[in-house]
Amino acid sequence: MPLHFASLSVHADDALASTSDIAPPISVSTTFVQNPPRSPLSAEPPSDSHLHHQHLYSRQSAPTIERVEAVLGAINKGIAVTYSSGLSAAYAALLHLAPKRIAIRGGYQGTHGVVKLYRRQSPIPVIDLDDSFAEGDVVWLETPLNPTGEIADVSAYADRAHAVGAKLVVDSTFAPPPLSWPIELGADIVMHSATKYFAGHSDALGGVLIVKSQEEAAQLLEDRTCLGSVLGSLEAWLILRSIRTLKLRVLQQSQTAAQLVAWLNLASGGKAHDGIPANAVHSVTHSTLQELGWDVERQLPGGHGSVFSVLLSTREAAERLAHRLQLFHAATSLGGVESLAEWRHFWDKGVDERLVRISVGLEDVEDLKEDLRRALQDLALP
């Protein structure tokens, strides 16, 4: 029977279970027993035909990786190929598409590093997302955008790209399902850093590409075997465990983030509000605050992302804020159950020195408000 999202998260890999364990076992083997050859005189399968789905070597495939890919494909409404990290997935996408030019703007500095690395071997031009596209281009759209949480219209970029024979890759790390399904909006490939919301507990690195056809997935798998950028079995198991609760986590994080953004925004422009001192918050940036002329709900039917940025009044305040918080950890990354705050300029020198990136976890919204309130008050003291 057709299953809904939450049920797919739990059961999409049931057919791949090879034991009676309820919790999937971790397969740590690097090599596997091969099926014996069939007798040329017999049409009967060999006696151990339960090995009909043959794993041979873990750089090609392994049971735990196969299961997590089955679930990731089902919940993303496509076919999933996993990688050792989000950046290895990004590099695999570029190798696969072999663009004549890359259109990109802003976003995660690591992706720009991957583009730079790709261009070392293939010195192709890089253009802006507002430039005219042409056949053979790859349009790399990160939405929501790191570190601001702002969004762009996937369907509009898909129409522009496809009209001239270009391909659209959407990095949807900041808006995983059930918030958004870019594959349904025209994306040719969807990329996620599985380290973030899919893993969800700050304990596993991984990446994933979502494609539309088995043929494309097969080519990516062949490339991955040669690149060696395979997801580890322990990481695959951790991500598989975490996907079971993805809907519960992501929807709660989205709701809490929207409340925090609305609350902090009332202090924008240096206003005092609800215990936030005057001249503390310059501005807040998030997709819920954007004024857009297209159907946002169609792109984000499950809600908005749980990462946003706060621009404080001074660099000093931004650099110190995360270390004055108690519930928010002063750490990079995002998507985990714990809330994080970081002075983003530490990692990305192109970001305003006054910007603090916030990743909302699963703590109670009132506790997070109080944590921010006290830290901002502390920074305001002479």
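Residues numbered from 1 in each chain as written. Predicted model: local features only at pLDDT ≥ 70, side-chain atom pairs only at ≥ 80, totals over all residues. Heavy atoms only, no water.

A separate point is the overall build of the chain. Looking only at helices and strands, the chain features 11 helices and 12 strands. Here the C-alpha radius of gyration of the chain, 22 Å, is about what a compact globule of 382 residues would show, namely 21 Å. Each principal axis of the C-alpha distribution contributes one length, and for the chain these read about 90 × 50 × 40 Å. Contacts in the chain between residues at least 24 apart in sequence constitute 70% of all its contacts with a sequence separation of at least 6. Surface exposure of the chain reaches about 17,400 Å², of which carbon and sulfur atoms provide 54%. Looking at charge distribution, the chain has the averaged site of its 31 positive side-chain charges lying 4 Å from that of its 43 negative ones. (Helix = DSSP H or I, 4+ residues; strand = E, 2+ residues; numbered from the N terminus. Rg over C-alpha atoms; globule rule 2.2 N^0.38 Å. Contact = heavy atoms within 4.5 Å. Areas by Shrake-Rupley, 256 points an atom, 1.4 Å probe, with all protein chains shown as cover. Lys, Arg positive; Asp, Glu negative; His and termini not counted. Charge placed at Lys NZ, Arg CZ, Asp CG, Glu CD.)

Taken residue by residue, helix α10 (residues 315-324) has Ala317, Ala318, Leu321 and Ala322 as its buried positions. Around the axis of α10, the buried residues are gathered within 125° of arc, so they sit on the same side. Away from its buried face, by an angle of more than 90 degrees, α10 presents the exposed residues Glu316 and His323. Contacts made by the buried residues of α10 are with β9 (307-312), β10 (329-330), β11 (340-343), β12 (355-359) and α11 (365-380). (Buried < 20%, exposed > 50% of the residue type's maximum accessible area, 1.4 Å probe, protein only. Arc of directions from axis to C-beta.)

Helices that pack against each other are described as a pair by the angle of their axes relative to one another and the distance between those axes. At a minimum axis distance of 10 Å, the contact between helix α3 (residues 86-97) and helix α4 (residues 109-121) shows a crossing angle of 40°. Considering the angle they form, α3 stands oblique to α4. For the element pair α3 and α4, the recorded crossing hand is right-handed. Of α4, the residues touching α3 (which contributes Leu87, Ala90, Tyr91, Leu94 and Leu95) are Gly110, Thr111, Val114, Val115, Leu117 and Tyr118. Broken down by class, the residue content of the contact of α3 with α4 amounts to nine nonpolar, two polar and no charged. (Axes fitted to C-alpha atoms, helices over the stretch in contact; angles between N-to-C directions. Parallel < 35°, antiparallel > 145°, perpendicular 65-115°, else oblique. Left-handed = near helix turned anticlockwise from the far one by under 90°. Nonpolar A, V, L, I, M, F, W, Y, C, P; charged D, E, K, R; others polar.)

Looking now at the sheet that holds strand β8 (residues 281-285). The mixed open sheet is built from five strands, whose spatial order is β8-β9-β12-β11-β10. Strands at the two margins of the open sheet, each flanked by one partner only, are β8 and β10. Pairing analysis gives two bridges linking β10 to β11, with the strands arranged parallel. Looking at the pairing, histidine 329 lines up with leucine 340 of β11. Against the sheet, helix α8 (residues 246-265) engages β8 and β9, with an angle of about 15° to β9. (Pairing = 2+ DSSP bridges.)

All right, on to the pairing of strand β7 (residues 207-211) then. The element β7 is extensively covered by neighbouring structure, given that five of its five residues are classed as buried. With burial as the criterion, each face of β7 is covered, one bearing Gly207, Leu209 and Val211 and the other bearing Val208 and Ile210. In terms of strand pairing, strand β1 (residues 79-83) meets β7 through five bridges, oriented antiparallel. For isoleucine 79, the partnering residue across the bridge sits in β7 and is valine 211. Where strand β6 (residues 189-193) meets β7, four bridges bridge the pair, whose relative direction is antiparallel. Looking at β7, one finds that histidine 192 is bridged to valine 208.

Turning next to the packing of aromatic side chains. Scanning the model with the defined rule gives two aromatic pairs in all. Geometrically, the ring pair formed by phenylalanine 5 and tryptophan 181 is edge-to-face, given 6.0 Å between the ring centres and 75° between the ring planes. Placement of the pair is phenylalanine 5 in helix α1 (residues 5-11) and tryptophan 181 in the loop between β5 (167-171) and β6, with a sequence separation of 176 residues. This pair shows no difference in class: phenylalanine 5 is buried, exactly as tryptophan 181 is. A cation sits over an aromatic face here: lysine 77 above tryptophan 181, 4.3 Å from the ring centre. (Phe/Tyr/Trp six-rings, centres within 6.5 Å; stacked < 30°, edge-to-face > 60°. Lys NZ or Arg CZ within 6 Å of the ring centre and 35° of its normal.)

For the rest of this paragraph, the subject is the environment of alanine 341. Here alanine 341 is to be found in strand β11. Measuring from C-alpha to C-alpha, the distance between alanine 341 and alanine 330 comes to 5.2 Å, with 11 residues separating the pair along the chain. Beyond its immediate chain neighbours, meaning those up to four positions away, alanine 341 contacts Ala322, Leu325, Phe328, His329, Ala330, Ala331, Val356, Arg357 and Ile358.

The mixed open sheet is built from seven strands, whose spatial order is β1-β7-β6-β5-β4-β2-β3. Both edges of this open sheet fall to β1 and β3 (126-127), since each of them pairs with a single strand only. Strand direction decides the pairing type here: strand β4 (residues 137-142) and β5, joined by five bridges, are parallel. Pairing of tryptophan 140 across the sheet is with valine 169, part of β5.

Distances and angles like these do not, on their own, reveal function.
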